[in-house]
Amino acid sequence: MLPDPPCPRHTTVPRVTYATWQELDAGGRTEGQEGTPCSAESLTINPGPLPVPRPRPPAALAPAPAMAVVGTSGGTSPSPSPVNPGSRHMPPSPLQLLLERATAIEEELAQGKDKPFTKVTRCHSGDAVAAGRLPLTFLRQVAAICAYPELLGAERVPEDAKRRAGQILRHLQGGSPGAYNLEYVTDTVAEKVARYLEQRDGGIPSDPRCVVPCGGTAAAVVVSVARGPTVAPPRPWGRRGPSSRGGSSRQDVVSLVVDEWAAQPTGVLVPVPGPPLHVAAALAGAVAVPYPLDEEQGWAVAGGAVRRVLRQARATCHPKVLCVVNPGDPTGHVLSRHNMEDIIRLAAEENLLLLADEVLQEQAFLPGRPFLSFKRVLWEMGAPLASTVQLISFYSLSKGVGGGGYRAGFFELRNIDPSVLKCFYTWGMSVYPPILGQVMLDAATEPPLSKEPSDTASEEHRQGLRRDLARNAQLVQEVLERAPGIRCQPVQSGARAFPRIQLPPRASRQARTLGLQPDVFFCQQLLEATGVLLAPGSEFGQPEGTHHVGLSLLPPAETLERVLLALTRFHAAFLQDFS
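Residue positions within a chain follow its written sequence, with the count starting from 1. With pLDDT at 70 or above as the cut-off, local features in this predicted model cover only qualifying residues; side-chain atom pairs require 80 or more to be listed or tallied, and sums for whole chains, interfaces and linings still use all residues. Values shown for side chains rest on all heavy atoms present in the structure; no hydrogens or waters enter the calculation.

Engineer: Is there a simple way to think about the overall build of the chain in this case?
Structural biologist: By definition, any uninterrupted DSSP run of H or I lasting at least four residues is a helix, any uninterrupted run of E lasting at least two residues is a strand, and each is numbered from the N terminus. For the chain, the count of helices and strands is 17 helices and 14 strands. Burial status follows relative accessibility: with a 1.4 Å probe on protein chains alone, a residue under 20% of its type maximum counts as buried, one over 50% as exposed, and anything between as partly exposed. Of all 579 residues assigned to the chain, the portion counted as buried reaches 58%. The method behind every accessible area is Shrake-Rupley, applied with a 1.4 Å probe, and residues are considered shielded solely by the protein chains displayed. Here the chain displays about 23,700 Å² of accessible surface, and carbon together with sulfur accounts for 55% of that area.

This is how it looks when you write it as structure tokens:
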């Protein structure tokens with residue numbers, strides 16, 4: 001058994017400007033040798049104290065191809081701006097335009113305006129709570145008691161929830177989640193998470209010092225990619241006790257600034273289709289480098305395609321980070337062990353830090369394709385990879401038994417060089433989590449024991465969601481495989497399907513004249529004609545020349561049947577109208 005490498009909790013990693021797909025021509029090689037593990041020198045962007053950044057003006061925004069990522073490209077500007085250029089020059093969200101129109105239509109219906117439908121059916125989101133599925137009752141009960149301890153005397157609250165809340169309250173400063181509770185987050189919660197991970201991964205050791213609780217994974221991805229060393233790392237606290245404020249929110253913001261003295265900006269490879277990790281990269285100040293998933297192979301990560309993208313990207317940036325989303329969103333795939341092993345070898349050969357977004361792990365519903373963590377696969381591959389490939393894995397309550405609004409998650413560090421990862425924890429840090437969310441995470445990592453009052457309901461909640469997702473995924477497959485011009489890869493996990501739709505060239509030309517992506521135009525017309533709101537594939541990125549829609553699997557089966565009927569009928573008419 002390989003020894004667990006030491007890993008301090010107080011950490012920092014690279015920093016991610018943004019390249020267009022067209023900018024990625026032929027390029028050179030990155031520094032360092034192939035096959036060598038990531039080192040402090042290869043991953044650290046800011047080798048010393050933070051320099052004063054040179055302003056870099058963003059490129060002008062223009063309608064982007066489906067796989068394009070638009071952003072900064074270098075140069076100088078007359079004067080520096082205090083505003084992060086990545087946030088000032090983000091391309092607009094295609095879905096946001098549709099959401100605004102859906103709200104306007106709902107207002108028109110409320111005013112009695114005549115429409116060919118009576119309500120808007122929102123079938124675009126992967127948010128289970130928004131779809132009417134409440135978070136696990138046990139978690140809400142524990143959080144409610146911690147927020148209002150008088151509920152310890154409530155007869156309707158089960159005894160196991162009271163007992164768990166009482167245990168947590170003893171760890172909270174002042175017996176309340178209203179305090180900062182720094183030691184609770186870094187000690188108690190991290191310890192509970194580490195034990196949970198050991199159980200999930202079949203006994204593979206997990207060091208609580210390598211677990212970083214956070215307020216949701218979106219901000220954590222930005223910080224883990226972007227944080228550069230501060231001028232003087234704050235002294236640690238937690239188990240060793242708070243010693244000083246150790247920094248401020250200003251120090252935290254400055255640490256997110258790109259090292260403009262570097263010869264090339266840092267590149268972050270992000271999957272397409274996938275969640276908007278390119279947004280995180282841009283806000284962090286890095287270059288997002290999209291790599292295509294292989295749709296014909298069930299959305300697998302194709303090593304050859306990733307290497308081609310890497311070779312092209314090195315002309316404009318220094319790729320250091322590979323993001324992988326497993327289970328996939330919105331594609332609904334679960335990577336095979338073989339594919340995961342190939343990805344790990346690729347990360348080792350290309351000297352890349354591997355970021356594994358695993359937030360949908362509890363929604364893997366096919367028995368024949370269970371979720372495996374990258375940490376487990378890496379460990380079981382043995383030496384030398386198990387002790388050299390650098391890995392950061394992310395988990396969130398948002399897509400599991402909790403809800404996105406509680407902002408609770410964590411990430412775990414593996415084989416991270418202490419000289420690179422210095423200090424995630426400072427007062428005012430970007431990833432500092434809301435305490436009630438951490439209370440729910442605490443309770444989720446230790447579910448009710450067998451025969452406790454909440455055990456049956458908790459297990460039914462977990463199994464019920466997976467069962468409903470599997471049933472709806474099968475329904476989508478059965479309906480769409482009979483629809484001409486629509487096809488969908490089998491869905492193995494998650495709350496969305498991502499069917500590919502055929503759009504005629506005439507429709508694409510008309511969309512371009514309106515300044516819209518073709519799939520946005522299709523979804524807009526679908527909304528106006530049927531009241532059904534789907535997510536356009538360009539919201540997630542898609543290979544050039546293909547068009548998709550994001551379809552939620554969360555509605556009740558009867559609602560989903562109506563949505564599928566409206567989609568297939570409208571698509572057939574759309575093909576005829578624009579033929």
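After that view, the rundown keeps rolling.
Engineer: Just to check I follow, could you spell out the sheet that holds strand β7 (residues 391–396) for this structure?
Structural biologist: Strand pairing in a sheet is mediated by backbone hydrogen bonds. Such pairs are either parallel or antiparallel. Two strands make a pair as long as DSSP finds a minimum of two bridges between them. Judged by pairing direction, the sheet is mixed, and its seven strands sit side by side in the order β2-β8-β7-β6-β5-β3-β4 without closing on themselves. Strand pairing shows two members of the sheet lacking a second neighbour, β2 (211–214) and β4 (287–292), which therefore form its edges. Shown here is a sheet whose adjacent strand axes are inclined to one another by a mean of 25°, direction ignored. Where β7 lies against strand β8 (residues 409–414), six bridges are found, and the strand directions are antiparallel. For I392, the partnering residue across the bridge sits in β8 and is L413. Angles shown run from 0 to 180 degrees and are taken between the N-to-C directions of axes, each axis being a line fitted to C-alpha atoms and, for helices, limited to the stretch in contact.

Engineer: I tried to follow the pattern of salt bridges on my own but got confused; where do I start?
Structural biologist: A side chain with one charge may pair with a side chain of the opposite charge, provided their charged atoms come close. Salt bridges are defined by distance alone: a side-chain nitrogen of Lys or Arg within 4 Å of a carboxyl oxygen of Asp or Glu. Scanning the model with the defined rule gives 27 salt bridges in all. The partner of E296 in a salt bridge is R487, with the nearest N and O atoms 3.0 Å apart. Within this pair, whereas E296 is found in the loop between β4 and α10 (303–313), its partner R487 is found in strand β9 (residues 486–487), the two being separated by 191 residues in sequence. Relative accessible area serves as the criterion here: at 48%, E296 is assigned to the partly exposed category. Of the residues examined, R487 reaches a relative accessible area of 38% and is grouped as partly exposed. Counted as one network, the salt bridges with shared partners bring together R101, E108, K115 and E528.

Engineer: Whenever I open this one, the environment of G215 confuses me. Can you help?
Structural biologist: Within the element layout of this structure, G215 appears in the loop between β2 and α7 (217–226). Here the alpha-carbon distance between G215 and L397, two residues 182 residues apart in the chain, equals 10.0 Å.

Engineer: What exactly am I supposed to notice about the nonpolar core here?
Structural biologist: Looking at soluble globular proteins, one finds that nonpolar side chains tend to be buried together. To define a nonpolar core, start from buried Ala, Val, Leu, Ile, Met, Phe, Trp, Tyr and Cys residues and group those joined through side-chain atoms within 4.5 Å. L322, F374 and L534 are the most contacted members of the largest nonpolar core, which has 85 residues in total. In what follows, a contact means two residues having at least one pair of non-hydrogen atoms within 4.5 Å. Excluding residues that lie within four positions of it along the chain, F374 makes contacts with V324, N326, L335, M340, I343, I344, L354, A356, E358 and L391.

Engineer: Even after reading the chapter, I still don't get the sheet that holds strand β14 (residues 549–552), so can you show me in this structure?
Structural biologist: Taken in spatial order, the three strands make up an open sheet running β10-β14-β13, and their pairing is antiparallel. The open sheet has two edge strands with one neighbour each: β10 (496–497) and β13 (535–536). Across two bridges, β13 lies against β14 in antiparallel orientation. Directly across from A535, in β14, lies its bridge partner G550.

Engineer: What should I look at first to understand the packing of aromatic side chains in this one?
Structural biologist: A ring pair, where both rings are aromatic, is described by two values, the distance of the centres and the angle of the planes. Classification of ring pairs uses Phe, Tyr and Trp, with its six-membered ring standing for Trp, and accepts pairs whose centres are within 6.5 Å; under 30 degrees between planes counts as stacked, over 60 as edge-to-face, and the remaining range as tilted. For the structure on display, the rule yields eleven aromatic pairs. Taking the centre distance of 5.5 Å and the plane angle of 55° together, the rings of F522 and F570 count as tilted. Here F522, found in helix α16 (residues 518–530), pairs with F570, found in helix α17 (residues 557–577); they are 48 residues apart in sequence, far enough to count as distant. The class of F522 is buried, set by a relative accessible area of 0%. Between the aromatic rings of F574 and F578, the centroid separation amounts to 4.7 Å while the plane-to-plane angle is 40°, which identifies the pairing as tilted.

Engineer: Can you help me understand the confidence of the model for the chain in this one?
Structural biologist: Caution applies to low-pLDDT regions: their predicted coordinates should not be interpreted in detail. A residue-level look at the chain finds 73% of positions with pLDDT of 70 or above and a mean pLDDT of 79. Summary of the metric used: pLDDT quantifies the predictor's per-residue confidence within the range 0 to 100. In the predicted structure, residues 1–78 sits below a pLDDT of 50 and forms 249 contacts with residues beyond four places in sequence or in another chain. In the predicted structure, residues 226–258 sits below a pLDDT of 50 and forms 87 contacts with residues beyond four places in sequence or in another chain.

Engineer: What's the story with the pairing of β8 in this structure? I'm lost.
Structural biologist: Burial of β8 is extensive: six of the six residues sit out of reach of the surface. A two-sided burial pattern is seen for β8, the buried positions comprising G409, F411 and L413 on one face and F410, E412 and R414 on the other. By the bridge criterion, four bridges tie β2 to β8 in an arrangement that is antiparallel. Paired with P213 across the strands is F410, a residue of β8.

Engineer: Hey, could you run me through the environment of T388 in this one?
Structural biologist: You can see T388 is positioned in the loop between α12 (374–381) and β7. With 28 residues separating them along the chain, T388 and I416 place their C-alpha atoms 8.7 Å apart.

Engineer: For this particular structure, what's the right way to read α17?
Structural biologist: Counting along an α-helix, one turn takes 3.6 residues, and residues three or four places apart therefore face a common direction. The terminal C-alpha atoms of α17, which comprises 21 residues, lie 30 Å apart, in line with the 30 Å expected from a rise of 1.5 Å per residue. Of all the positions in α17, only A557, T559, L560, V563, L564, A566, L567, T568, F570, H571, F574 and L575 are classed as buried. Take the residue count of a helix, subtract one, and multiply by 1.5 Å to get its expected span.

Engineer: It is not clear to me how unusual backbone geometry should be interpreted in this structure. Could you clarify?
Structural biologist: Of note, the bond from D329 into P330 is cis; its omega dihedral lies within 30 degrees of zero at 15°. You can see P330 is positioned in the loop between β5 (318–325) and α11 (337–349). A cis geometry characterises the amide bond from A383 onward to P384, with omega recorded as 0°. Tracing the sequence through the fold places P384 in the loop between α12 and β7. Its identity as a non-glycine residue notwithstanding, N181 has a phi of 55°, on the positive side. With respect to the helices and strands, N181 occurs in the loop between α5 (159–169) and α6 (182–200). Residue N181 is classed as buried on the basis of its relative accessible area, which comes to 0%. Of note in this structure, W299 is not a glycine but carries a positive phi near 65°. For W299, the position within the fold is in the loop between β4 and α10.

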